[in-house]
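Structure assessment
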Amino acid sequence: MGTGPVVAIVAVAVVVAVLIVFTRRRADLRESEESSYQKGLDALIAGDREAALKHLALTVREDPRNVDAYVKLGNLLRERGQTKQAIQIHRELLVKRRLPAGVRSEVAKNLALDYAEARRWADVIRQVRELPRGERSDERMLALARDAYEAVGDFDRAIARHRDILKSGKSEEPSLGVYRAHAAVLALERGDSVRARSEFQTALKEDPAAAVASLYLGDIAAGAGDLERATGYWMKLVADRPDCAHLVFDRLEKAYYELGDFGRMMSIYQDVAAKAPTSVHTHRGLSRMLERKGDIEGAIEAAREAVKHEGDTLAGHRQLVDVLVRSERFEEAARAAEELLSARALAGDEHPCPACGRRREKPGWRCPHCGAWTDAC
Ligand SMILES: [Zn+2]
């Protein structure tokens, strides 16, 4: 046997050995890639965001071609408030990769969500505009565009987008009238009372749920020095929604006092007390009026009625203690105060947002803190 065949056999053996080692390594690598991606997906399903973040970060390091891992990584970062990193990841995918149309749209929508989270509203508007037409009418994108137009004060477009959302059906968004009233509050905040007034008026015609618009219309009239008209609007709220009447009681008291018609307030309180007998603010107001007139027994009786319905505000107790102290019935006052102290901590009159629990400074249809839609009073 010559040396030729031996060399050939050895050479083949070496090649085979190298191939085996090489493919095994590749297989190992692929297995670990698959497993960190798979672990990431499993963690997402299990709701363990920290673990998902760790595994997906590992996935993209091992295999930078895994677009889905990048998209999900960006979304996790956005949810953690790391919007800068989320924007960077999603933007780079759009700019540097050739993506199939469907994937491209998904990345672009997530980038729009990143911008919204970062409150970069002009970028949200641009990003949504760049989406293909069909993708733009996705309800989530319509809401995003609406909120962005709202934030930059473009109320025509915001209202138009809200109309599109309602047309798309299956939505838990408020009616057009309520949305318009909400936009009017924002216009008023921006100092555009002319725009605000016309939107509030339209809103009142569109939906009875926008009744609190009358409060703002009254404020606008009072601001322009027209107290007669202002009381007309505030009384409209009292008539339309007796359960919201407490929002305008202080305004009405002050206005009727200035108009020299303070007695009017008494009959308003009595009317509302008949229509909304559990309204603690009404009994409290009535109690204050009776006290001023010198009818202490009547004032105490009204305050006790307020106590029955006061709930967390403890507004009835406060009025009762006040009346008793002012009429020097200190022992009774002390007992009422004791009850007050043993009750829960004194809460403000403002209703907290049912969604996030934070306090709203003025009546409105949307929580300024979390964006949840709420009842205006
Ligand atoms: Zn809220």
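For the structure, check the block above.
Here we summarise the structure given alongside this text. (Residues numbered from 1 in each chain as written. Predicted model: local features only at pLDDT ≥ 70, side-chain atom pairs only at ≥ 80, totals over all residues. Heavy atoms only, no water.)

Quick notes on the overall build of the chain
When helices and strands are tallied, the chain shows 19 helices and zero strands. Considering the chain as a whole, with its 377 residues, one finds that 44% of them fall into the buried category. Approximately 20,800 Å² of the chain is accessible, and the part contributed by carbon and sulfur atoms is 53%. (Helix = DSSP H or I, 4+ residues; strand = E, 2+ residues; numbered from the N terminus. Buried < 20%, exposed > 50% of the residue type's maximum accessible area, 1.4 Å probe, protein only. Areas by Shrake-Rupley, 256 points an atom, 1.4 Å probe, with all protein chains shown as cover.)

Digging into helix H11 (residues 193-206)
Compared with an ideal rise of 1.5 Å per residue, which puts 14 residues at 20 Å, H11 spans 20 Å between its outermost C-alpha atoms and is within 8% of the ideal. When we look at burial in H11, the residues that qualify are Arg 195, Ala 196, Glu 199, Phe 200 and Ala 203. Axial view of H11: buried residues confined to an arc of 125 degrees, hence all on one face. In H11, those exposed residues whose orientation departs by more than 90 degrees from the buried face are Val 194 and Lys 205. If you follow the buried residues of H11, they end up packed against helix H9 (155-167), helix H10 (176-189) and helix H12 (213-223). (Expected span 1.5 Å × (residues − 1). Arc of directions from axis to C-beta. Contact = heavy atoms within 4.5 Å.)

Section: the coordination of the zinc ion
Within the protein, the zinc ion binds to Cys 353 (SG), Cys 356 (SG), Cys 367 (SG) and Cys 370 (SG); these donor distances fall in the range 2.3 Å. Mapping the donors of the zinc ion onto the primary sequence gives the spacing C-x2-C-x10-C-x2-C. (Donors = N, O, S within 2.8 Å, 3.2 Å for Na, K, Ca; no water.)

Description of the packing of aromatic side chains
Two numbers describe a pair of aromatic rings. These are the distance of the centres and the angle of the planes. Scanning all chains against the criterion turns up three aromatic pairs. Aromatic pair Tyr 179 and Trp 373: ring centres 6.0 Å apart, planes at 65 degrees, arrangement edge-to-face. In this pair, Tyr 179 sits in helix H10 while Trp 373 sits in the segment after helix H19 (330-342), placing the two residues 194 residues apart along the sequence. Residue Tyr 179 is classed as buried on the basis of its relative accessible area, which comes to 0%. (Phe/Tyr/Trp six-rings, centres within 6.5 Å; stacked < 30°, edge-to-face > 60°.)

With respect to the layout of surface pockets
If a probe as big as a water molecule is rolled over the atoms, it shows which places are left empty. The calculated volume of the largest pocket comes to roughly 900 Å³. If you go around the largest pocket, you meet 30 residues; those closest to its centre are Arg 119, Glu 150, Cys 367, Pro 368 and Gly 371. For the lining of the largest pocket, the secondary structure elements donating two or more residues are helix H3 (67-79), helix H5 (101-117), helix H8 (139-151) and H10. When residues in the lining of the largest pocket are grouped by element, the largest group, six residues, is from H8. The residue makeup of the lining of the largest pocket, split by class, is 13 nonpolar, four polar and 13 charged. (1 Å grid on protein atoms, 1.4 Å probe; cavity = no way out; pocket = protein on both sides within 12 Å on 5 of 7 lines; lining within 4 Å. Points joined across faces, edges and corners; volume = space filled by probe spheres on them. Nonpolar A, V, L, I, M, F, W, Y, C, P; charged D, E, K, R; others polar.)

Overview of unusual backbone geometry
Notably, Arg 119 is not glycine yet its phi reads approximately 55 degrees, a positive angle. Mapping Arg 119 onto the fold places it in the loop between H5 and helix H6 (121-129). A positive phi is found at Glu 328, a non-glycine position, where the angle reads about 60 degrees. If you trace the backbone, Glu 328 turns up in the loop between helix H18 (315-326) and H19.

With respect to the pattern of salt bridges
On inspection of all chains with the given rule, the structure shows 38 salt bridges. With its nearest N and O atoms 2.8 Å apart, the salt bridge here joins Asp 219 to Arg 251. With Asp 219 in helix H12 and Arg 251 in helix H14 (residues 246-258), this residue pair connects regions lying 32 residues apart in the sequence. Accessibility expressed as a relative area gives 28% for Arg 251, which makes it partly exposed. A salt bridge links Lys 236 to Asp 240, with the nearest nitrogen and oxygen atoms 2.8 Å apart. Taken together, the residues Lys 236 and Asp 240, both in helix H13 (residues 227-240) and four residues apart, mark about one turn of the helix. You can call Lys 236 partly exposed: its relative accessible area is 34%. Connected through shared salt-bridge partners, Arg 146, Asp 147, Glu 150, Glu 173 and Arg 366 make up one network. (Salt bridge = Lys/Arg side-chain N within 4 Å of Asp/Glu carboxyl O.)

Structural notes on the environment of Gly 263
As for its placement among the helices and strands, Gly 263 is situated in the loop between H14 and helix H15 (264-275). Judged by its relative accessible area of 53%, Gly 263 is exposed. Distance from Gly 263 to Met 289, taken between C-alpha atoms, is 8.7 Å for residues 26 residues apart in sequence.

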